[in-house]
Amino acid sequence: MKLTIPEREIMQPGHLACQGCGASMAMRYALKIFGRDSVLTIPACCWAVIDGPFPYTAVNVPLFHTAFETAAVMASGIKAGLDVQGEKSTNVIAWAGDGGTFDIGIQAISGAAERNDDITYIVYDNEAYMNTGIQRSSATPHGAWTTTTPIKHYKIGAKKNMVEIMSAHRIPYAATASVAYPEDLCKKLEKAKNIRGFKFIHILAPCPTGWKSDPKYTVKLAKLAVQTNIFPIYEIENGLKYTQNKKVKQRKPITEYFKYQGRFKHLKKEEVEFIQKSIDRENEILLKKF
Amino acid sequence: MAFGIEAEKEVIMKANKKDVLTGSYYIDGDVAAAYGAIAAGCKFVGGYPITPSTEAFEAFVHRAPYVGGITIQMEDELGSIASILGAVWSGKKAMTITSGPGFSLMMENIGLGAMLETPFVLLNVQRSGPSTGLPTQAGQADMMQSRWGANGDYEIIAISPDSPQEMFDYTIKAFNLSEKYRCPVMIMADECVGHMTEKVVVPEADKINIEPRRFYKGPKEKYLPFKPDKDLVPPMAKAGDGYKLHISGLTHDEKGYPTFSQTPDTKRLVDKIRLNADKIIELNEDEIDDADVVVVSYGITSRVAIRGIEQARAKGLKVGNLRLVTVWPFPEKRIAELSKKVKAFVVPEINYGQIVYEVERCAHGNANVVLVPHGGGFVHNPEDIFKAIKYAAQEKKKVEGIIEHKTELYRLIHEKNS
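Computed from a predicted structure; not experimentally measured. (Residues numbered from 1 in each chain as written. Chains lettered and ligands numbered in written order. Predicted model: local features only at pLDDT ≥ 70, side-chain atom pairs only at ≥ 80, totals over all residues. Heavy atoms only, no water.)

Trainee: Is there a simple way to explain the overall build of chain B in this structure?
Mentor: Helices and strands together make up the secondary structure of chain B, namely 16 helices and 18 strands. For chain B, whose C-alpha radius of gyration is 22 Å, the value lies close to the compact-globule estimate of 22 Å for 418 residues. Principal-axis analysis of the C-alpha atoms places the extent of chain B at approximately 70 × 45 × 40 Å. Looking at chain B alone, contacts between residues at least 24 apart form 77% of all its contacts between residues at least 6 apart. About 17000 Å² of surface is accessible on chain B, with carbon and sulfur atoms providing 53% of the total. For chain B, the centre of its 50 positive side-chain charges and the centre of its 55 negative side-chain charges are spaced 4 Å apart. (Helix = DSSP H or I, 4+ residues; strand = E, 2+ residues; numbered from the N terminus. Rg over C-alpha atoms; globule rule 2.2 N^0.38 Å. Contact = heavy atoms within 4.5 Å. Areas by Shrake-Rupley, 256 points an atom, 1.4 Å probe, with all protein chains shown as cover. Lys, Arg positive; Asp, Glu negative; His and termini not counted. Charge placed at Lys NZ, Arg CZ, Asp CG, Glu CD.)

Given below as structure tokens:
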């Protein structure tokens, strides 16, 4: 039998993630592909904690916990340091949450992308600052509850389209992926591993704690996000060549996705319809690019 | 300067009834600070979640809509502090809330705020550092940073509350001081005070004094944005009032325009605090008059110190308690005065020595200065403070420099390594 996902496990059990954490699944797949010859930079985010306290580590590769805004550029520095020593083969991976990517870290990412530094930047997107206790980020979708966007004043405004921002830098590779589709995710990680230059992968990582969902629905939710078109799976090469990796023949209504999550419970029918319309509109725009 | 004299009159304004949730509460220090800010008339918080200050931000988020206030969660701490500078210059009272690394990121804009003489309040719920440190545990190691963090010469005011009630009370005081002296005022709380839940009494609105903004009311053609009143503080105008407003972080003259050499206005940034220090400083003193040893502490440590002091007093030692409510400007005169009367100062703080250097400086070699250090994460063992007092009371010779008290933790590290 030919396996599409490597059997090897670099990440070890015993990490500190919550039950049903999408981010820990994402890391497991990423390390399966990148292997031991990798270095991670992780800013303040859930993964700064998940890895575990000294002397325990769940990742089994060197890990640099960076200042919040600098995961990308610290990775640039690590790569430069390795280059000077002739260590060309080591994978340098910046691994950050949505806050450290969409908000505070965007300046550093943009800088590294413009210079086309040879690193892979992976954002595991759980759509809020989960580590500090569920505050909104610019990755939080329209309508969602967080502690800083309470029910009466829920998040207004669309999620920042980070992949488009990154591809506007004309980087060699930008992609979205989901923990619900590990083969696709691993294929993308493999692709990124073999490209020189700046690679950006956006992984949707459901968070039962912050989304107020049942931990058993993590994969189901990640899948529904794709099937409802709220999180389409595609890749962009050199900022121009768009490829759709998961075709959705008949999109499911967004209510299917919302009903498993507490953070959307307060939404009125009109608001849900508005969200549905904007998803359809965004999808139309995207489909034209393929 | 007619408008100046008018501005100097004591204006007694009371808090707005709508802003004050009069009553007794059982809340933590972070939430109390948010209630205090709203009671003081704060209408805008630009913030960014960071442990252990997030609860204060969240509490403001939840209350703001009911008092006509706005909260924006910014994209980072640079955004947070820059946005409040903007809100202040458009005419409202504003605050930002942060901790540790966020505080570090804010430094440049603290300097800008000081340079523009912008009245704003910064709540720093200190955690252990450096860097990410211990996000959920206490520290007091940002004290020097709060004073010296940005580039250039300027002065700030820093207050260190030691209970949720004080988080409420002193947040109001912080706003009043910032309006009065047009400078950044920092509430240097710590994780213990921020996360401690205690009874907080919110008084009636007419019991809360509010310092109104000192707006310029003179003729438009005579307005100079940095022309000071007698107390060295210039009245303010806000954007959109029709005054010619040129506000610059470049070294500027009274008009606000850039100059090519140092101007008296930069010296004034320092002088307006230094020369008004007596009016600004608040200290809590207990049994100081006949004390042999005075314990100087602030924030949560001042509450921990009480037990050590009581233990020492029970043994018959004459111990005074000097609690710094205002840490900056530092009470130089009081410490110098006391140094002539007492044998020693004992300074416990959750760091490896910061405010102790100020105490040593102001003691002028007249009295011994004993540091009781503690790494971030936990509060002192009161036993350590007691032992340091005992040592300080017994030591007969004058020791040059700071004496570091060897705490249990110190012994643990060094005996283990030797």
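Trainee: What exactly am I supposed to notice about the interface of chain A and chain B here?
Mentor: In many analyses, interface size is given as the accessible surface area lost on bringing the parts together. Contact residues are listed per partner, giving 17 residues for chain A and 17 residues for chain B. When chain A packs against chain B, the two sides together hide about 1300 Å² of surface, and 57% of this comes from carbon and sulfur. When the area that chain A buries against chain B is broken down by residue, the three leading residues are A:Ile104, A:Thr132 and A:Thr148, summing to 32%. One can count zero salt bridges joining chain A with chain B. Partitioned by chemical class, the residues of the side of chain A that touches chain B number four nonpolar, nine polar and four charged. (Buried area = accessible area lost by both parts, 1.4 Å probe. Salt bridge = Lys/Arg side-chain N within 4 Å of Asp/Glu carboxyl O. Nonpolar A, V, L, I, M, F, W, Y, C, P; charged D, E, K, R; others polar.)

Trainee: Just checking my understanding: could you explain the side chain of B:Ser178 for this structure?
Mentor: Residue and element names in this part refer to chain B. Mapped onto the fold, Ser 178 is located in helix α8 (residues 164–181). Overall, Ser 178 belongs to the buried group, its relative accessible area being 0%. Setting aside chain neighbours within four positions, we find Ser 178 in contact with Pro 119, Phe 120, Val 121, Cys 183 and Val 185. (Buried < 20%, exposed > 50% of the residue type's maximum accessible area, 1.4 Å probe, protein only.)

Trainee: Even after reading the chapter, I still don't get the packing of aromatic side chains, so can you show me in this structure?
Mentor: The description of an aromatic ring pair uses the distance of the two centres, along with the angle that the planes make with each other. One pass over the full model with this rule turns up 17 aromatic pairs over all chains. With centroids separated by 6.3 Å and ring planes inclined at 85 degrees, the aromatic side chains of A:Phe68 and A:Tyr129 adopt a geometry described as edge-to-face. Remark: A:Tyr129 occurs in the loop between β4 (120–125) and α6 (162–167) and A:Phe68 occurs in the loop between β2 (63–65) and α3 (71–84); sequence separation between them is 61 residues. There is no split in this pair, since A:Phe68 and A:Tyr129 are both buried. When the ring of B:Tyr216 is compared with that of B:Tyr243, the centres are 5.2 Å apart and the planes differ by 85 degrees; the resulting orientation is edge-to-face. (Phe/Tyr/Trp six-rings, centres within 6.5 Å; stacked < 30°, edge-to-face > 60°.)

Trainee: Before we go on, may I ask you to explain the packing of helix α1 (residues 22–34) of chain A against helix α7 (residues 182–193) of chain A in this structure?
Mentor: Two numbers describe a pair of packed helices, the interaxial angle and the distance between the axes. Residue and element names in this part refer to chain A. Contact geometry of α1 with α7 gives a least axis separation of 9 Å together with a crossing angle of 45 degrees. Considering their axes alone, α1 and α7 lie oblique with respect to each other. You can see that α1 and α7 cross each other, and the crossing is right-handed. Only Pro 182, Leu 185, Cys 186, Leu 189, Glu 190 and Lys 193 of α7 make contact with α1, whose side of the interface consists of Tyr 29, Ala 30, Ile 33 and Phe 34. When the residues that make up the contact of α1 with α7 are grouped by side-chain class, the tally is eight nonpolar, no polar and two charged. (Axes fitted to C-alpha atoms, helices over the stretch in contact; angles between N-to-C directions. Parallel < 35°, antiparallel > 145°, perpendicular 65-115°, else oblique. Left-handed = near helix turned anticlockwise from the far one by under 90°.)

Trainee: It is not clear to me how the pattern of salt bridges should be interpreted in this structure. Could you clarify?
Mentor: Pairing between side chains of opposite charge can happen when their charged atoms approach one another. All names here are of chain A. With the rule as written, the count across this model stands at 42 salt bridges over all chains. Between Lys 32 and Glu 9 there is a salt bridge, with its nearest N and O atoms 3.3 Å apart. With Lys 32 in helix α1 and Glu 9 in the segment before α1, this pair connects stretches of sequence that are 23 residues apart. Residue classification places Lys 32 among the buried residues on the basis of a relative accessible area of 5%. Given a relative accessible area of 36%, Glu 9 falls into the partly exposed group.

Trainee: Hey, could you run me through the sheet that holds strand β5 (residues 173–178) of chain A in this one?
Mentor: Two modes of strand pairing occur in sheets, parallel and antiparallel, and in both the strands are linked by backbone hydrogen bonds. Residues and elements named next belong to chain A. Spatial strand order, β2-β1-β3-β4-β6-β5-β7-β8: eight strands in an open sheet with mixed pairing. What marks the edges here is a single partner per strand, and that holds for β2 and β8 (241–244). Looking at each pair of strands side by side, their axes are set apart by 15 degrees on average, direction ignored. Together, β1 (38–42), β3 (91–97), β4 and β6 (199–204) form the strand contacts of α1, whose direction differs from that of β3 by roughly 175 degrees. (Pairing = 2+ DSSP bridges.)

Trainee: Which parts of the structure should I look at to understand helix α2 (residues 29–39) of chain B?
Mentor: Helical geometry note: an α-helix holds 3.6 residues per turn, so side chains three or four residues apart project in the same direction. All names here are of chain B. Within α2, 11 of the 11 residues are buried, which leaves it mostly tucked inside the rest of the structure. Among the residues of α2, Gly 29, Asp 30, Val 31, Ala 32, Ala 33, Ala 34, Tyr 35, Gly 36, Ala 37, Ile 38 and Ala 39 are the ones counted as buried. You can read the cap of α2 off the contacts: a side-chain oxygen lies 3.1 Å from the backbone nitrogen of Asp 30, and it is on Asp 28. Just beyond α2, the residue with positive phi is Gly 41, at close to 95 degrees. (Polar contact = N/O pair within 3.5 Å; in protein donor to acceptor, adjacent residues only side chain to side chain.)

Trainee: Help me out: how do you make sense of the confidence of the model for chain B in this one?
Mentor: Where the model shows low pLDDT, its predicted coordinates should not be examined in detail. Residues and elements named next belong to chain B. Per-residue confidence for chain B gives a mean pLDDT of 93, with 97% of residues at or over 70. Predicted confidence for residues 1–8 stays below pLDDT 50, and this span has 13 contacts to residues more than four positions away or in other chains. We note a pTM of 0.92 for the whole complex and an ipTM of 0.88 for its interfaces. (pLDDT = per-residue confidence, 0-100.)

Trainee: I'm lost on the nonpolar core in this one. Help?
Mentor: The tendency in soluble globular proteins is for nonpolar side chains to be buried as a group. Counting 63 residues, the largest nonpolar core has A:Met27, A:Trp47, A:Trp95, A:Ile122, A:Leu189 and A:Tyr257 as its most contacted members. When residues in this core are grouped by element, the largest group, eight residues, is from α1(A). Once you skip the residues sitting within four places of it in the chain, A:Trp47 turns out to touch A:Met11, A:Ala23, A:Ser24, A:Met27, A:Ile42, A:Val59, A:Trp95 and A:Tyr124. With 53 residues, the next largest nonpolar core counts B:Ala15, B:Ala32, B:Val61 and B:Val325 among its residues. (Core = buried A, V, L, I, M, F, W, Y, C linked by side-chain atoms within 4.5 Å.)

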